[in-house]
Amino acid sequence: MTESEERRDVFKLSRDWLSVQEVVDAVSSSSCGAISMFIGTTREDELGGRKVIGLDYEAYELMAQSEFSKLCDDIRERWPTVTHVCVHHRLGWVKVGEASVAMAISSPHRHDGQQAIRHCVERLKASLPIWKKEVYDTLEESWKENAECPWALQNKVPPVTPSRENV
């Protein structure tokens, strides 16, 4: 990163299609030799004989922006060479095959950027207040929690295993 270049963090929630090029442009830097990206798409999944046809996203937008700022601080503490961070996330209806999230991180070398992008994906799912509802071909709907959320881990009941005394 050059002396005159400020670190840039860009977070955008949008009901419109995500532009991968816009995300790349937000992190581009002449001092960086790597841009690491992640694009998450809505996948067709089948659950209980029902096929997912899309996701409907909602967010607590102000809190999401605040949590994104904390996430960027955390990334830079772990990987100080990270230069720019950009995350764009869809809200509203996202049909199968469309991008739900596009993120990019620039760094002088690929190693830090690749580790940082993986961390960014995991922490985004765990800490940003963005919720998704699956919509099925039966037109039924179901709110889904990310497995990475701390409250999801607390609500998991461990499997019951028979004790030796009862066998």
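Residues numbered from 1 in each chain as written. Predicted model: local features only at pLDDT ≥ 70, side-chain atom pairs only at ≥ 80, totals over all residues. Heavy atoms only, no water.

**A look at the sheet that holds strand β5 (residues 84-90)**
Point 1. In spatial order, the strands read β1-β5-β7-β2; together these 4 strands make up an open sheet with mixed pairing. Two strands lie at the open edges of the sheet, namely β1 (8-14) and β2 (34-41), each paired on one side alone. For this sheet, the mean inter-axis angle between neighbouring strands, taken without regard to orientation, is 5 degrees.
Point 2. Alignment of β5 against strand β7 (residues 99-107), held across 6 bridges, turns out to be antiparallel. If you follow His88 over to β7, its bridge partner there is Ala102.
Point 3. In the packing of helix α1 (residues 20-27) onto the sheet, contacts are made with β1, β2, β5 and β7, and the angle to β5 comes to roughly 155 degrees.
Point 4. Contacting β1, β5 and β7, helix α2 (residues 61-78) runs over the sheet at an angle of about 150 degrees to β1. (Pairing = 2+ DSSP bridges. Helix = DSSP H or I, 4+ residues; strand = E, 2+ residues; numbered from the N terminus. Axes fitted to C-alpha atoms, helices over the stretch in contact; angles between N-to-C directions. Contact = heavy atoms within 4.5 Å.)

**A few points about the nonpolar core**
Point 1. If you look at the biggest cluster of nonpolar residues, it comprises 25 residues, and the most contacted ones within it are Ile75, Val87, Met103 and Ile105.
Point 2. Where this core is concerned, the elements lending two or more residues are β1, β4 (50-59), α2, β5, β7 and α3 (110-127).
Point 3. The residues contacting Val87, other than those within four sequence positions of it, are Val10, Phe11, Lys12, Phe68, Val101, Ala102, Met103, Cys120 and Leu124. (Core = buried A, V, L, I, M, F, W, Y, C linked by side-chain atoms within 4.5 Å. Buried < 20%, exposed > 50% of the residue type's maximum accessible area, 1.4 Å probe, protein only.)

**Description of the packing of aromatic side chains**
Given two aromatic rings, one states the distance between the centres and the angle between the planes to describe the pair.
Point 1. Under the criterion given, the structure shown has 1 aromatic pair.
Point 2. On the basis of an interplanar angle of 20 degrees and a centroid distance of 4.9 Å, the ring pair of Phe11 and Phe68 is categorised as stacked. Placement of Phe11 in strand β1 and of Phe68 in helix α2 is noted, with a sequence separation of 57 residues between them. Across this residue pair, the class does not change: Phe11 and Phe68 are buried.
Point 3. The residue whose ring lies beneath Arg50 is Tyr136, and the NZ or CZ to ring-centre distance is 3.9 Å. (Phe/Tyr/Trp six-rings, centres within 6.5 Å; stacked < 30°, edge-to-face > 60°. Lys NZ or Arg CZ within 6 Å of the ring centre and 35° of its normal.)

**Examining the environment of Pro108**
Point 1. With respect to the helices and strands, Pro108 occurs in the loop between β7 and α3.
Point 2. With residues up to four places along the chain from it excluded, the contact list for Pro108 reads Ser31, Cys32, Gly33, Ala34, Thr81 and Thr83.

**Thoughts on the confidence of the model for the protein**
Point 1. Per-residue pLDDT for the protein averages 88, and the proportion of residues at 70 or more is 84%.
Point 2. Between residues 157-167, whose pLDDT stays under 50, and residues either more than four places distant or in other chains, the model counts 1 contact. (pLDDT = per-residue confidence, 0-100.)

**Points about the pattern of salt bridges**
Point 1. Here the structure, examined in full by the defined rule, presents 9 salt bridges.
Point 2. In this structure, Lys70 and Glu67 form a salt bridge, with 3.1 Å as the shortest nitrogen-oxygen distance. Of this pair, Lys70 and Glu67 both sit in helix α2, separated by 3 residues, roughly a single helical turn.
Point 3. Note that Lys133 is salt-bridged to Glu141, the shortest N-O span being 3.4 Å.
Point 4. In this structure Lys133 comes out as buried when scored by relative accessible area, which is 12%.
Point 5. Owing to a relative accessible area of 48%, Glu141 belongs among the partly exposed residues under this scheme. (Salt bridge = Lys/Arg side-chain N within 4 Å of Asp/Glu carboxyl O.)

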